[in-house]
Amino acid sequence: MAAHRAFKDALYAQFARIGHALASPKRIKLLDLLGQGEKTVETLAERIATPIKNTSAHLRVLRQARLVETRRDGTYVYYRLADDDVFRLLRTLETLGHAQLAEVQQVVRIYLDGHDQMEPVTLKELRRLMRDDDVTILDVRPADEFEAGHIPGALSVPVPELKRRLRDIPKGREVIAYCRGRYCVYSLEAVTLLRKHGYRARRADEGLPDWRAAGLPVESGG
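Bear in mind the structure is a predicted one, so any value in this text is a computation, not a measurement.

What counts and how
- Residues numbered from 1 in each chain as written.
- Predicted model: local features only at pLDDT ≥ 70, side-chain atom pairs only at ≥ 80, totals over all residues.
- Heavy atoms only, no water.
- Pairing = 2+ DSSP bridges.
- Helix = DSSP H or I, 4+ residues; strand = E, 2+ residues; numbered from the N terminus.
- Contact = heavy atoms within 4.5 Å.
- Axes fitted to C-alpha atoms, helices over the stretch in contact; angles between N-to-C directions.
- Phe/Tyr/Trp six-rings, centres within 6.5 Å; stacked < 30°, edge-to-face > 60°.
- Lys NZ or Arg CZ within 6 Å of the ring centre and 35° of its normal.
- Disulfide = S-S within 2.5 Å.
- Buried < 20%, exposed > 50% of the residue type's maximum accessible area, 1.4 Å probe, protein only.

Caption draft 1: Summary view of the sheet that holds strand 7 (residues 201–203). Ordered by their spatial adjacency, 4 strands build an open sheet running 5-4-6-7, and the pairing between neighbours is parallel. A strand with exactly one partner marks an edge of an open sheet, and here the two such strands are strand 5 (155–156) and strand 7. Inspection of the sheet shows strand 4 (residues 135–139) paired to strand 6 (residues 174–178) by 5 bridges, in the parallel sense. Looking at strand 6, one finds that Val 135 is bridged to Glu 174. Against the sheet, helix 7 (residues 123–131) engages strand 4, strand 6 and strand 7, with an angle of about 125 degrees to strand 4. Contacts between helix 9 (residues 186–196) and the sheet are confined to strand 4, strand 6 and strand 7, with strand 7 contributing the most and set at about 170 degrees to the helix.

Put into structure tokens, the structure is as follows:
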């Protein structure tokens, strides 16, 4: 029995390394960002509004738990998710939190659902609309994330550029905006602005990483 206990203790101690790595909102946000594609520590620090030194410390914890990997290109170090299982872990964590924590549901109602009365578009419906060639797909993430991977045929219009680029978006077709995932607010900001200017616009309920995880085709480049 002592040997069995020692085995379990050693095993669960290793599992706990992953739990420890996820025990920080900043580190979860880093994983979400890396789900869009690899990034430098400088870019990540800017995106999570955290000093580079602190961001590097968070990334070390994630790397020690084997959740992220790196590659070097000259003086830059690029971080990426270790594999697809890390993305699935992140989405499972989000799904569990939404199902089990009333606080999560409340935050979503206040910041997302409460500001958009229209039902988001599922990936299944989005695929149907694309087959019917009856929709404009708008990728409203930062340009570097679009270049790393996007839904085929999508138009890259980051939210900060949207107002001045409205003329690039056909007005006679419905517009579906997508961003990083279910809780990304970029698509909400985009459809709110588009509707104010007379567009028929809805947001997708999932993002590019979910599209990729479903085995659907992804294009890269500008």
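Caption draft 2: Representation of the packing of aromatic side chains in the model. With the rule as written, the count across this model stands at 1 aromatic pair. Aromatic side chains Tyr 12 and Phe 15 sit 6.1 Å apart centroid to centroid with 45 degrees between the ring planes, which places their arrangement in the tilted category. Of this pair, Tyr 12 and Phe 15 both sit in helix 1 (residues 2–21), 3 residues apart, which is roughly one turn of the helix. Against the face of Tyr 78 rests Arg 71, its NZ or CZ located 4.5 Å from the ring centre. Sitting above the plane of the Tyr 199 ring, Lys 171 keeps its charged end 5.3 Å from the centroid.

Caption draft 3: Structural view of the pairing of strand 2 (residues 68–73). Bridging between strand 2 and strand 3 (residues 76–81) involves 6 bridges; their strand directions are antiparallel. Looking at the pairing, Arg 71 lines up with Tyr 78 of strand 3. The hairpin turn running from strand 2 into strand 3, its antiparallel successor, is 2 residues long, and Gly 74 in that turn takes a positive phi close to 65 degrees.

Caption draft 4: Molecular detail of the state of the cysteines. According to the stated counting rule, one finds 1 disulfide in the structure shown. In this model Cys 179 forms its disulfide with Cys 184; the gap between the sulfur atoms is 2.5 Å. Looking along the S-S bond of the Cys 179-Cys 184 disulfide, the torsion reads about -140 degrees, which is the left-handed sense. Here the two residues Cys 179 and Cys 184 agree in accessibility, since each one is buried.

Caption draft 5: Broad picture of the pairing of strand 4. In terms of burial, strand 4 is a largely internal element, 5 of the 5 residues being buried. Of the two faces of strand 4, the one holding Val 135, Ile 137 and Asp 139 and the one holding Thr 136 and Leu 138 are both buried throughout. Summarising the sheet, strand 4 and strand 5 pair through 2 bridges and their orientation is parallel. Within strand 5, the residue paired with Asp 139 across the bridge is Ser 156.

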